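# Fold and contact review
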Amino acid sequence: THTHTHTYTMIKTIQASEGVERHPLVLVTGGTGLVGRAIQWTVSEDPARIGRKSENYKWVFLSSRDGDLTDYAATLAIFKKHNPTHVIHLAAMVGGLFKNLRQNLDFLRMNLAINDNVLRCCHEFNVVKCVSCLSTCIFPDKTSYPIDETMIHNGPPHDSNYGYSHAKRMIDVLNRGYSDQHGRKYTSVIPTNIYGPHDNFHLEDSHVIPGIIHKTYLAKAAGEDLTCWGTGKPLRQFVYSRDLAKLFVLVLDEYDSIEPIILSVPEEDEVSIKDVVKMVADASDFKGEIKHDVTKADGQMKKTACNDKLKGFLALKAPDFKFTPMSEGVKESVEWFEANYATARK
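What counts and how
Positions within a chain are numbered from 1, following the residues in the order the chain's sequence is written. Local features in this predicted model are restricted to residues of pLDDT 70 or higher, and side-chain atom pairs are both shown and tallied only at a pLDDT of 80 or more, whereas totals for entire chains, interfaces and linings draw on every residue. In computing side-chain properties, one takes all heavy atoms of the structure into account and sets aside hydrogens as well as water. Angular values range over 0 to 180 degrees, each being the angle between N-to-C directions of two axes fitted as lines to C-alpha atoms, with helices fitted over their stretch in contact. Secondary structure elements follow DSSP: runs of H or I no shorter than four residues count as helices, runs of E no shorter than two count as strands, and numbering proceeds from the N terminus. Roughly parallel means an angle under 35 degrees; roughly antiparallel, over 145; roughly perpendicular, 65 to 115; everything else is oblique. By the definition used in this description, the sense in which the near helix is turned from the far one sets the handedness, with an anticlockwise turn below a right angle giving left-handed and a clockwise turn giving right-handed. The contact rule is simple, with two residues in contact once any of their heavy atoms fall within 4.5 Å. Think of it as three bins: nonpolar holds Ala, Val, Leu, Ile, Met, Phe, Trp, Tyr, Cys and Pro, charged holds Asp, Glu, Lys and Arg, and polar takes everything else, Gly as well. Grid points spaced at 1 Å over the protein atoms alone were grouped into cavities, where a 1.4 Å probe fits but cannot get out, and pockets, open sets with protein on both sides within 12 Å along at least five of seven lines, with lining residues defined by an atom within 4 Å of a point. Grid points are joined across faces, edges and corners, and a volume is the space filled by probe spheres set on the points. Between any two strands, pairing holds if DSSP finds at least two bridges. Any Phe, Tyr or Trp ring, taking Trp's six-membered ring, that has another such ring centre within 6.5 Å forms a pair; planes under 30 degrees apart are called stacked, those over 60 apart edge-to-face, and the others tilted. Here the term buried applies to any residue with accessible area under 20% of the maximum for its type, exposed to any over 50%, and partly exposed to those in between, with areas from a 1.4 Å probe on protein chains only. Charge-over-ring placement is defined geometrically: NZ (Lys) or CZ (Arg) within 6 Å of the ring centre, and within 35 degrees of the ring normal.

### Some words on the packing of helix H8 (residues 273-283) against helix H10 (residues 326-339)
Two elements in contact, H8 and H10, have axes whose closest approach is 9 Å; the angle formed by their N-to-C orientations is 55 degrees. On the basis of their axis angle, the class for H8 and H10 is oblique. The interaxial crossing formed by H8 with H10 has right-handed handedness. Each of Val276, Met279, Val280 and Ala283 in H8 lies in contact with H10, whose residues at this interface are Met326, Ser327, Val330, Lys331 and Val334. Here the residues of the contact of H8 with H10 are counted per class, giving seven nonpolar, one polar and one charged.

Okay, structure coming up:
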């Protein structure tokens, strides 16, 4: 069988830069989305930034207009242009519950391609560190709670978005492979439900908080009742995008393991969707009636994640870090949407 080993081109570093001193440059894929914009904020104007090593690094934030990451040649061209030393990989094909249900195959294939191309180019261009973004939806559907980082591959993910989930799980497998075979230090973080300025506020294909913010805005403007999908009973841990951005930069600077780390508020900060609707209504000064359309799907009832690993990491590296209280984060998000209604993604 050894005669067939060369039918697959071995991945090798194509950048002759190992001996050359490169000025540190962080390339952020998906740099104009919810998390990318928050990272832009923390590295440019955050007075309480917690990752200090990368303060003098150059930062480049990519958008989908910079090239198609599902295409290897296009990804290669981006890496050639910027020659990064570090990568934060956020780019993904994403969508809410109902879009995932319709297009599981597309979510699987597109995300597998993006992740393979980005990590392959990281290795080929001798990128020192890559931090990729996973999601709590990748965890097994049948599991004990709270979920922790060791449980990712312990069973199939929830049926509703198996395509996206399996593609994201493969990042962890790729990181392990690049470590085992090439000694690379590529890692991943697993945020819980993210919300904040610059989110996608589409009424059907968005995540829960931006969807509720947009619905509340329209109901208030029309003087109508607010109808939310589902019972409102599911529990979630929400993390404000600007808090997550601070943690992302700290991980880039200080987290040395290839094993994933959950970036989340503690278990005791879990809230029901019903509570979230109330927070959004209060922040929006909505005075109408709130109704729940129980004919619509709820998704998973809970996905409680354990943030003990993060707590230990913060105790060592950023003991003063505190999460933004949720009512405050929701208020800032509502105010951002109202101020940017004309140009917000919706």
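Once the structure has been displayed, the description carries forward.
### Details of the layout of surface pockets
Considering only enclosed or pocket space, the second largest pocket measures out at about 210 Å³ in volume. Lining the second largest pocket are Glu149, Thr150, Ile152, His153, Asn154, Asp172, Val173, Arg176, Ile258, Glu259, Pro260 and Lys309. With three residues, the single largest contributor to the lining of the second largest pocket is helix H5 (residues 162-182). Looking at side-chain class alone, the lining of the second largest pocket contains four nonpolar, three polar and five charged residues.

### Some thoughts on the sheet that holds strand E3 (residues 86-89)
Pairing within the open sheet is parallel, and its six strands lie in the order E2-E1-E3-E4-E5-E10. The two strands at the open ends of the sheet, each matched to only one other strand, are strand E2 (58-61) and strand E10 (261-263). This sheet shows a mean twist of 20 degrees between the axes of neighbouring strands, independent of strand direction. Relative to E3, strand E1 (residues 25-29) is paired through four bridges, and the arrangement is parallel. Across the sheet, the residue bridging to Val28 is Ile88, located in E3. Docked against the sheet, helix H1 (residues 34-44) engages E2 and E3, running at close to 155 degrees with respect to E2. Relative to the sheet, helix H4 (residues 104-124) contacts E1, E3, strand E4 (129-133) and strand E5 (185-191), its axis offset from that of E3 by approximately 170 degrees.

### A closer look at the packing of helix H6 (residues 208-222) against H10
Angle between the axes and distance between the axes are the two parameters that describe a pair of packed helices. Put simply, H6 and H10 touch, their axes get as near as 11 Å, and they point 55 degrees apart. With respect to H10, the element H6 is oriented oblique. The interaxial crossing formed by H6 with H10 has right-handed handedness. Contacts from Ile209, Ile213, His214 and Tyr217 of H6 reach H10 at Met326, Ser333, Val334, Phe337 and Glu338.

### Details of the packing of aromatic side chains
Two measures describe an aromatic ring pair: the distance that separates the ring centres and the angle between the ring planes. Under the criterion given, the structure shown has 13 aromatic pairs. Between Phe321 and Phe323, the ring centres sit 5.0 Å apart and the planes meet at 80 degrees, which makes this aromatic pair edge-to-face. On the basis of relative accessible area, Phe321 is assigned to the buried category, the value being 12%. Note that Arg242 overlies the ring of Trp41, its terminal NZ or CZ placed 4.5 Å from the centroid.

Keep in mind that these numbers describe shape and distance, not what the molecule does.
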